[in-house]
Amino acid sequence: MFNEVKGLNEECGLFGVWGSPNAAQLTYDGLHSLQHRGQEGAGIVSNDQGTFHRHRGLGLLGEVFSRDPEALHQLTGDAAIGHVRYATAGNHGVENIQPMQFEHPEVGEFALAHNGNLTNANQIRQELLAKGVTFQATSDSELLGELIQTSNEPSFAGQLIAALNHVHGGFAYLLMTPNAMIAALDPNGFRPLVIGELPDGGTVICSETCALDQVGASFVRDVEPGEIIIVNNDGMSIQHFTTDTHLAICSMEYIYFARPDSIIRGISVHDARKRMGAKVAQEHPVKADVVIGVPNSSLSAAIGYAQASGIHYDMGMIKNQYVARTFIEPTQAKRDRGVSMKLSVVKSVVAGKDVVLVDDSIVRGTTSKYIVRLLKRAGAKSVHVRIASPVLKFPCYYGIDIQTTKELIGANNTVDEIRDLIEADSLAYLSVDGLVESIGALNDSANHGLCTAYFDGNYPTPLYDYQAGFDAEVTRLGLYEGAN
Ligand SMILES: O=P(O)(O)OC[C@H]1O[C@H](OP(=O)(O)OP(=O)(O)O)[C@H](O)[C@@H]1O
Ligand SMILES: NC(=O)CC[C@H](N)C(=O)O
Ligand SMILES: [Mg+2]
């Protein structure tokens, strides 16, 4: 597959429209603003008075549709759903590119798109295999469709509710039948999902508010954990597949994944990142001449660090806008080359200076190590690295593709060891409490409505398929005994 070399890989983006002409074009535009959530493949299914049309392919949205210039025009109808993918389960083939389509005896056909990762996918796959199901793909996303197909419930609505109660883990789903667009969010609400209204009265449901802005839709509300939202020609209705819900939205959405111009559950992502930067300045002050950020995702946190510390902010690094899209077999040599083609230093900003370098996260350490060297080569007197999130130590099983600790520098080294590995003069991270305070409490539960499992190992759900592997890793690393 072809992809930009990135430290952290995004998840997936969902966008759907009901009741607006040119629904496929709107979906294309919306997905374009969600491209940061997935770059492996993209697809759109339109609904023209009950007849579905689909186009999907590997690569960026623009590539998928420019390979076949007629494709978008053929997606006729006033409803559509679309998806941009970054794989967390299954292979990278086109059969896993969404939306997926299914035949159904009651509704005719339906299409399905999924953001997240199921924790009991293996178990469900075995159950379905035992029932004689043959699969169209290898990812976990298809499973909801197959559960609907094989359910004993008499109606599509009942089948969907039963299926949603059978899958576990992270899931924001967008489905479309000939008569309705349907959204559902897992009981922890790990992934963001919002509803908007178009000026012509059409309804949009999508992953982030930046996509609402893109198509001129106004924000209506967030989809709540456990909800099923049904949009049809009579309007919108809300049901619940469960009321046993515990909000635990992924804190990495605020730290890194979401676009800074998005608002997640009432909190501006940019403002939350600025507060994270300010908080790490307060927790780990350092005397320096200039604060710089690592484009793109840490710039908000760097601004926050500068404002709180009183040290002036400057543009010390540039990101090449035409980043080489490198063939990834994810080897370290390729990652190193990818980072070097992506980032460069503005020498006049850092030469002869004590520099605070703010980044939002360290995954393998490739980026920090490269940049510290680059800054020193450009004449920086000292480089103090400040990370606007806590040490990334634990895997994510709900939609980020960090499913093992092996490559996480923070799981395998102490902070002092990481400082030496990246050759920084000092290194410090935001605390977990500081992170939660910076984002702001979403509710009054013990976890304040956030999932911080990647930092503290507190998973809000059972891990099912992943439990044994997780236990083995914890034992191997002695993680709970405190690596840091
Ligand atoms: O320790 P590493 O393995 O290098 O990963 C960490 C880096 O990856 C992410 O950025 P990314 O390269 O994805 O680019 P972006 O900030 O432009 O999104 C993150 O913001 C860090 O900069
Ligand atoms: N990142 C995601 O949300 C991925 C969705 C799904 N698990 C897949 O692998 O395709
Ligand atoms: Mg970055």
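Each value, and the rule that gives it
Residues numbered from 1 in each chain as written. Chains lettered and ligands numbered in written order. Predicted model: local features only at pLDDT ≥ 70, side-chain atom pairs only at ≥ 80, totals over all residues. UniProt positions renumbered as here; feature names shortened; annotations may be inferred. Domains from an automatic or database assignment. Helix = DSSP H or I, 4+ residues; strand = E, 2+ residues; numbered from the N terminus. Contact = placed C-beta atoms within 7 Å. Pairing = 2+ DSSP bridges. Axes fitted to C-alpha atoms, helices over the stretch in contact; angles between N-to-C directions.

Per an unreviewed UniProt entry, the protein goes by Amidophosphoribosyltransferase and derives from Secundilactobacillus similis DSM 23365 = JCM 2765. The UniProt entry for the protein carries this comment under Pathway (unreviewed entry): "Purine metabolism; IMP biosynthesis via de novo pathway; N(1)-(5-phospho-D-ribosyl)glycinamide from 5-phospho-alpha-D-ribose 1-diphosphate: step 1/2."

Draft legend 1. Just the domain arrangement of the protein, in detail. We note that the domain assignment places domain 1 (2–245) and domain 2 (269–441) within the protein. Taken over C-alpha atoms, the centre of domain 1 sits 33 Å from the centre of domain 2.

Draft legend 2. Structural view of the environment of A211. Following the sequence through the fold, A211 ends up in helix α7 (residues 209–214). Residue contacts for A211: discarding those within four places in its chain leaves F15, G30, S33, L34 and C206.

Draft legend 3. Spatial organisation of the sheet that holds strand β6 (residues 100–104). Read from one edge of the open sheet, six strands run β6-β7-β8-β9-β13-β14, paired in antiparallel fashion. Of all strands in the sheet, those bounded by a partner on one side alone are β6 and β14 (235–240). Averaged over all pairs of adjacent strands, the angle between strand axes in this sheet comes to 20 degrees, irrespective of strand direction. Note that strand β13 (residues 227–232) and β14 share six bridges and pair antiparallel. Residue pairing in the sheet places I229 in a bridge with I238 of β14. Helix α5 (residues 142–150) rests against β6, β7 (108–115) and β8 (172–177) of the sheet, and its axis sits at about 0 degrees to β6.

Draft legend 4. Spatial organisation of the sheet that holds strand β24 (residues 426–429). Taken in spatial order, the four strands of this open sheet run β18-β22-β23-β24, and their pairing is parallel. Because the sheet does not close on itself, it has two edges, and the strands there are β18 (290–293) and β24. Between one strand and the next, the sheet's axes are offset by a mean angle of 20 degrees, whatever the strand orientation. With four bridges joining them, β18 and strand β22 (residues 354–359) adopt parallel strand pairing. Looking at the pairing, G293 lines up with V358 of β22. Contacts from helix α10 (residues 299–309) reach β18, β22 and β23 (382–387), with the element oriented near 165 degrees to β18.

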